[in-house]
Amino acid sequence: MSGSNSVSTKQRRIAELAKQLPTKALTSLHHHLDLEWMLEAYRRTRKDGSPGVDGVTSTDYEKDLEKNLRSLVERAKSGRYRAPPVRRAYIPKAGGGQRGLGIPTLEDKILQRAVLMLLEPVFEEDFLSCSYGFRPGRSAHDALEALRNQLMETRGGTVLEVDIQRYFDELDHGHLQRLFRQRIGDGVVCRLIGKWLNAGVLEGGQLSYPQSGSPQGGVISPLLANIYLHEVLDKWFADQVRPVLKGPASLVRYADDFVLVFARDDDAQRVAVVLPKRFDKYGLKLHPTKTRILKFPRPSSSSESGIRDEPTSRPRSRTFDFLGFTHYWGRSRKGNWCVKKFTARDRVSRTLRRLWEWCRTHRHEPLPDQSKRLSVRLRGHYNYFGVTGNFEALQRVHRLTERIWFYWLRRRDQRRRLSWARFGILLSSHPLPRPRVVHSIYRPRANP
């Protein structure tokens, strides 16, 4: 039996045990951490990322892979493993500002991956269907489809759009470890989780030890974040809130991004009042301006569209954003009202800014290399934003990408400027990929 199949079999056994003991803490998990398990964890670990504070790369680590993995698992089980500090880096946020990422060492990534493989089967038995972020077999597009279905079922209603301030930075370690130990009683695993939560952060040569938070970029961080919000939000909404509401209500959550849909406006108002108190109890704050209640009723069948189908003409008051898309009511092919979405304005701006900067810094590279790299970026954009009804926004990004490329190619030779006609000839030999709808609501019906 291959290592991958053997690990999958063990994970199914862990899941079965978790299902049989839904209210118990599992106390014996770390015995699964052997060489075979660690080899599979290494295979699943991304190896092309930036190195951590020790500077070790996968090429260095693979020189004596089995010996290194044996040493790693022995130190983890004996308690001698010391979680190294994560290296702080920053990436731009969609709404402006910067998002801090923690870059672990390669060895830390491997061990976190191995522990994640132990824990996922347990918590997947507990997590609710409303949660989609960083879970096996679930994606952002599944969350978007679930939201669309719920809006269609409730005929719109009222949407509570919520933003958590600095969620990954404000996770309370005490609350998180208490919630974690309700389900996991294995001393080795709990000790490792504690070490990762208390590992330092190296930034600008200065080492600090935050008292809260879980660094984004860590392999184990998304699971810990899901565990926290499962208790703070998902279970609370399902067990305590929804039963006392007057009308239907639903929750769709992807990591720390979530929206609540209510059939009745008074239910939305009640939840909007208690939600900040619930989050404050666990050390979390809601953004005062980005959290809002939006009336989102389906237009009457006899009414004409108050919003034309061009994205630029849709007023903000009748739309809301979720997972990079702006949602609105529009007409289907048959002329019926349905929930549609197009790429949110801030996501388009961010994409174009990155393309502009890339073309500026790489304009002197060979044209085939530039075309190849730009094509990869565009395909990545289409793969996420290529949804039914969003083709116009994809075309706009494609058109502006061509113009950005043309602008910077002209500037690399000041004496002999590139003309638009010559650029058209260049595009015929080095074409950029055309927009395509990757996630079609019609294609599954035509090709079941």
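Preceding block: the structure.
Residues numbered from 1 in each chain as written. Predicted model: local features only at pLDDT ≥ 70, side-chain atom pairs only at ≥ 80, totals over all residues. Heavy atoms only, no water.

Caption draft 1: Here's a closer look at the environment of Pro22. Positionally, Pro22 belongs in the loop between helix H1 (3-20) and helix H2 (35-44). Relative accessible area serves as the criterion here: at 52%, Pro22 is assigned to the exposed category. Separated by 303 residues in sequence, Pro22 and Phe325 place their C-alpha atoms 36 Å apart. (Helix = DSSP H or I, 4+ residues; strand = E, 2+ residues; numbered from the N terminus. Buried < 20%, exposed > 50% of the residue type's maximum accessible area, 1.4 Å probe, protein only.)

Caption draft 2: View of a positive patch on the surface. Residues Arg345, Arg396, Arg399 and Arg403 make up a contiguous surface patch of positive charge. By residue number, the principal contributor to the positive patch is helix H14 (residues 391-410), which donates 3 residues. Tracing the chain through its elements places Arg345 in helix H12 (residues 345-361). (Patch = residues over 30% accessible without salt bridge, like charges linked within 9 Å, V, L, I, M, F, W, Y side chains within 5 Å. Areas by Shrake-Rupley, 256 points an atom, 1.4 Å probe, with all protein chains shown as cover. Salt bridge = Lys/Arg side-chain N within 4 Å of Asp/Glu carboxyl O. Lys, Arg positive; Asp, Glu negative; His and termini not counted. Charge placed at Lys NZ, Arg CZ, Asp CG, Glu CD.)

Caption draft 3: View of the pairing of strand E6 (residues 249-254). Burial analysis of E6 places 6 of its 6 residues in the buried class, which makes it a mostly covered element. The two faces of E6 match: Ala249, Leu251 and Arg253 on one face and Ser250, Val252 and Tyr254 on the other face are all buried. Of the strand pairs in this sheet, E6 and strand E7 (residues 257-262) are connected by 6 bridges, and their pairing is antiparallel. When the bridges of E7 are listed, Leu251 appears paired with Leu260. Count of turn residues in the E6/E7 antiparallel hairpin: 2 residues, of which Ala255 carries a positive phi of about 55°. (Pairing = 2+ DSSP bridges.)

Caption draft 4: Geometry of helix H10 (residues 221-241). At His230, H10 is deflected by roughly 50°, the largest bend along its length. Within H10, 17 of the 21 residues are buried, which leaves the element mostly enclosed by the surrounding structure. (Bend = angle between axes of the 7 residues up to and from the residue.)

Caption draft 5: The sheet that holds strand E3 (residues 158-162), seen in detail. Ordered by their spatial adjacency, 4 strands build an open sheet running E6-E7-E3-E8, and the pairing between neighbours is antiparallel. The sheet terminates laterally at E6 and strand E8 (292-295), the two strands that pair on one side only. Across the sheet, the mean angle from the axis of one strand to that of its neighbour is 20°, orientation sign disregarded. Note: E3 against E7, 5 bridges, orientation antiparallel. In the sheet register, Glu161 faces E7, and the bridge partner there is Val259. (Axes fitted to C-alpha atoms, helices over the stretch in contact; angles between N-to-C directions.)

Caption draft 6: Spotlight on the sheet that holds strand E10 (residues 325-331). What the 3 strands build is an open sheet, ordered E9-E10-E11; its pairing is antiparallel. Strands with a single pairing partner mark the edges of an open sheet, and in this sheet they are strand E9 (320-322) and strand E11 (337-343). Within the sheet, the average angular offset between the axes of one strand and its neighbour, ignoring direction, is 45°. Two strands pair when backbone bridges link them, and E10 and E11 are joined in this way by 7 bridges, in the antiparallel orientation. Bridge pairing in E11 places Trp329 opposite Val339.

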